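Descriptive structure summary
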Amino acid sequence: MSFEFMEAFKFIQKKTIIHSLDPRTKLLLATIYSILAIMFEEIFILFFIFLSFFPFIIAGQLFKKWIKSIRGMTFLFLLLIIFNTLFSTFSKSISMILRIMIMVSSFSLFFLTVHPDDLMLSLLSLKVPYNIAFSFSLSFRFVPTIAIEAQNIIDAQKSRGYEMEQGGLISQAKNLIPLLIPLIVCSMKRAFHIAESLDSRAFGSTKNRTYYYSISFTKKDWLLTVILIAFFIFGIIVKLFPDLLPNWLFWRFPV
Amino acid sequence: MNLIKFEDFSFKYDQAQDFVLKDIKLNIESGKFILLCGITGSGKTSLVRAMNGLIPQFYHGEIKGDVFVKGKNTKNVPTSTLSRDVGLVFQNPENQLIAMNVEREIAFGPENIGIPWDEMDSRIKECIKITDIEHLRKKAPFEISGGEQQRVAIASILALQPEIIIFDEPTSLLDPKSAIQILNLLKKILLEKKISTIIVIEHRLDIVLPLADEVILIDKGRIIEHGEAHYVINGEKFLNSGVNIPKCVSVFQKLMNQNIFIGKLPISIEETKNLINSIK
Ligand SMILES: Nc1ncnc2c1ncn2[C@@H]1O[C@H](COP(=O)(O)OP(=O)(O)OP(=O)(O)O)[C@@H](O)[C@H]1O
Ligand SMILES: [Mg+2]
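The sections below set out a description of the structure shown in this document. (Residues numbered from 1 in each chain as written. Chains lettered and ligands numbered in written order. Predicted model: local features only at pLDDT ≥ 70, side-chain atom pairs only at ≥ 80, totals over all residues. Heavy atoms only, no water.)

**Some points on unusual backbone geometry**
Working note: non-glycine residues mostly have negative phi, and peptide bonds are mostly trans. Across the junction of B:Ile55 and B:Pro56, the peptide omega takes the value 10°, indicating a cis bond. Look at A:Lys127: it is not a glycine, yet its phi comes out positive at around 70°. If you trace the backbone, A:Lys127 turns up in the loop between helix H8 (116-125) and helix H9 (130-158). Judged by relative accessible area, A:Lys127 falls into the exposed class, the value being 74%. For A:Ala202, which is not glycine, the phi dihedral falls at a positive 65°. Tracing the chain through its elements places A:Ala202 in the loop between helix H11 (177-199) and helix H12 (219-240). (Helix = DSSP H or I, 4+ residues; strand = E, 2+ residues; numbered from the N terminus. Buried < 20%, exposed > 50% of the residue type's maximum accessible area, 1.4 Å probe, protein only.)

Written out as structure tokens, the structure reads:
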């Protein structure tokens, strides 16, 4: 499950309107949708919030990835339904699932469409110090490398008779040790070599660093920002004055 | 002018038993294509680490003597500052590529030293052209082959425009044809005076020797020979050092041992051709 789920957060280069938005706009999008998801627990309202997110997924050509990430969470959803229904109500469990779907969708849209280096630039524009922002984007860069390394280690250990999926839960956890130790050692070595090469390329040699790429707020960013904020305010109003809405929106499952 | 100067420099890694560099006296002058050779473990990589301050700033250990880069003592000036004078392309390209695409990779060095956008852009274009990687421009480092990574690593150092560039086995992941291409390219950069000195560590002597002005031969941490290429190649020490001696040299050396040939050993195909013609 886990790897498939991670796929939903890995940047892919595409030319769509969503990709071309400023990262800060997309961060706002993810944040507002997440807050709205937490604010409400009525199934229909959550469902409409969820529906209203769909155009973004379509516009960003992310449908397949998105389906994958949702599918990756089926197990979690099942657990949620079972436990929530046992300890509270079926309706609660459905709204919980909708909430999680909204939050996961909105953040996966962010990570799928924001280039890690642009992520760094937006962190910088939010006054995060360069060193921290840079190490953030560096860790994104090395995720695939370390994934390949992990696969190599698995293959190497397998060729020595190692079996990962054997025995019960505890012995499976123990089975991870021959994987983790070489992986950690390799990663530490790698980190040292990366640091060495950063220094050899003048990293941190001046405070007046320049940037080849820049991010900028364009008209469509402003437009979307305004719409999002209006949407958010509308959400707050509805929350404060639920009488404004028709009754059926508050419908629940009888169980 | 002396670009790099070693004054009786010795170094021992922290965990090691023995000194890995011993009593190094060395002057690196400008305008040279220098080949640094020696067998595996002889200390080539360690020697170049001492040229941009990685030894002793990154690799700690016991030091004797000093190294100066354009008059700056490498003990006191940080590597990140020295990197403007000395560019080092590492043996393993994988760990030196840190950006998500090739273009950003090349931009990284110039960004770090605060180059204005217009100049940065023209440097990037130039370096991409020199190393012939236009088609990789938007690719991520993990999407391209080892040889392509090496080209990108070279481009990313060129973009810093250091006076001295050191290549630690720049062609180890390349096929012979691309290796020749890359090394000739380095020579061309030097001749066009884009860089004033190039130091190359390379095991394929048959390809580099024809390009080299100077050869440094290192063995067990000592520089046992250093001088003009022909001078070093013709010396006993070179022939007995265990390095990968090119065919043209070894053939004529055998002839020499059998007293069939007397004279200077040829270091390139061109010289071999001339030599054979002159014998006829
Ligand atoms: N970080 C280190 N710590 C301790 N010892 C080291 C370190 N790096 C290298 N050595 C040792 O120093 C010696 C010289 O290594 P170095 O890498 O300089 O050789 P080299 O000539 O570059 O070899 P190669 O041709 O294999 O790259 C070797 O015996 C090596 O084991
Ligand atoms: Mg080496």
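**Brief notes about the layout of surface pockets**
Each pocket or cavity is described by its volume, and for the second largest pocket that value is around 420 Å³. Lining the second largest pocket are 23 residues, and of these A:His19, A:Ser20, A:Leu21, A:Asp118 and B:Arg104 lie nearest its centre. Mapped onto the lining of the second largest pocket, the elements with two or more residues apiece are helix H2 (17-20) and helix H3 (23-39) of chain A. Tallied by class, residues from the lining of the second largest pocket come to six nonpolar, ten polar and seven charged. (1 Å grid on protein atoms, 1.4 Å probe; cavity = no way out; pocket = protein on both sides within 12 Å on 5 of 7 lines; lining within 4 Å. Points joined across faces, edges and corners; volume = space filled by probe spheres on them. Nonpolar A, V, L, I, M, F, W, Y, C, P; charged D, E, K, R; others polar.)

**Considerations on the sheet that holds strand S9 (residues 214-219) of chain B**
Residue and element names in this part refer to chain B. One open sheet holds the six strands; their spatial order is S6-S7-S8-S3-S9-S10, and the pairing between them is mixed. If you trace the sheet from one side to the other, it starts and ends with strand S6 (86-89) and strand S10 (222-228), each paired once. Across the sheet, the mean angle from the axis of one strand to that of its neighbour is 15°, orientation sign disregarded. As paired strands, strand S7 (residues 164-168) and strand S8 (residues 197-201) are joined by five bridges and run parallel to one another. Within S8, the residue paired with Ile166 across the bridge is Ile199. Sitting on the sheet, helix H6 (residues 146-158) touches S6 and S7, and the angle it makes with S6 is about 170°. (Pairing = 2+ DSSP bridges. Axes fitted to C-alpha atoms, helices over the stretch in contact; angles between N-to-C directions. Contact = heavy atoms within 4.5 Å.)

**Digging into the pattern of salt bridges**
Residue and element names in this part refer to chain B. By the definition in use, this model includes 23 salt bridges over all chains. With a closest N to O distance of 3.0 Å, Glu119 and Arg123 form a salt bridge. Linking Glu119 with Arg123, this pair stays in helix H5 (residues 117-131), spanning four residues, or about one helical turn. For Glu119, a relative accessible area of 34% gives the class partly exposed. Given the relative accessible area of 8%, Arg123 is considered buried. Beyond isolated ion pairs, a larger network of salt bridges with shared partners links Lys70, Lys72, Asp85 and Glu163. (Salt bridge = Lys/Arg side-chain N within 4 Å of Asp/Glu carboxyl O.)

**Section: the coordination of the magnesium ion (ligand 2)**
All names here are of chain B. Binding of the magnesium ion (ligand 2) to the protein goes through Thr45 (OG1) and Gln91 (OE1), at separations of 1.9 to 2.8 Å. Of this pair, Thr45 sits in helix H1 (residues 44-49) while Gln91 sits in the loop between S6 and helix H4 (102-112), and the two are 46 residues apart along the sequence. According to the relative accessible area criterion, Thr45 is partly exposed, its value standing at 21%. (Donors = N, O, S within 2.8 Å, 3.2 Å for Na, K, Ca; no water.)

**Here's the deal with the nonpolar core**
Residue and element names in this part refer to chain B. If you look at the biggest cluster of nonpolar residues, it comprises 62 residues, and the most contacted ones within it are Phe33, Ile106, Leu186 and Phe238. It is helix H7 (residues 176-191) that contributes the most residues to this core, seven residues altogether. Sequence-distant contacts of Phe238, defined by excluding residues within four places in its chain, comprise Cys37, Leu205, Leu217, Val232, Ile233, Val243 and Ile245. (Core = buried A, V, L, I, M, F, W, Y, C linked by side-chain atoms within 4.5 Å.)

**Quick word on empty space enclosed by the protein**
All names here are of chain B. Scanning all chains against the criterion turns up four cavities of 30 Å³ or more. Volume-wise, the largest cavity comes out at about 180 Å³. Looking at the lining of the largest cavity, the element that brings in the most residues is H4, giving four residues. Partitioned by chemical class, the residues of the lining of the largest cavity number eleven nonpolar, one polar and four charged.

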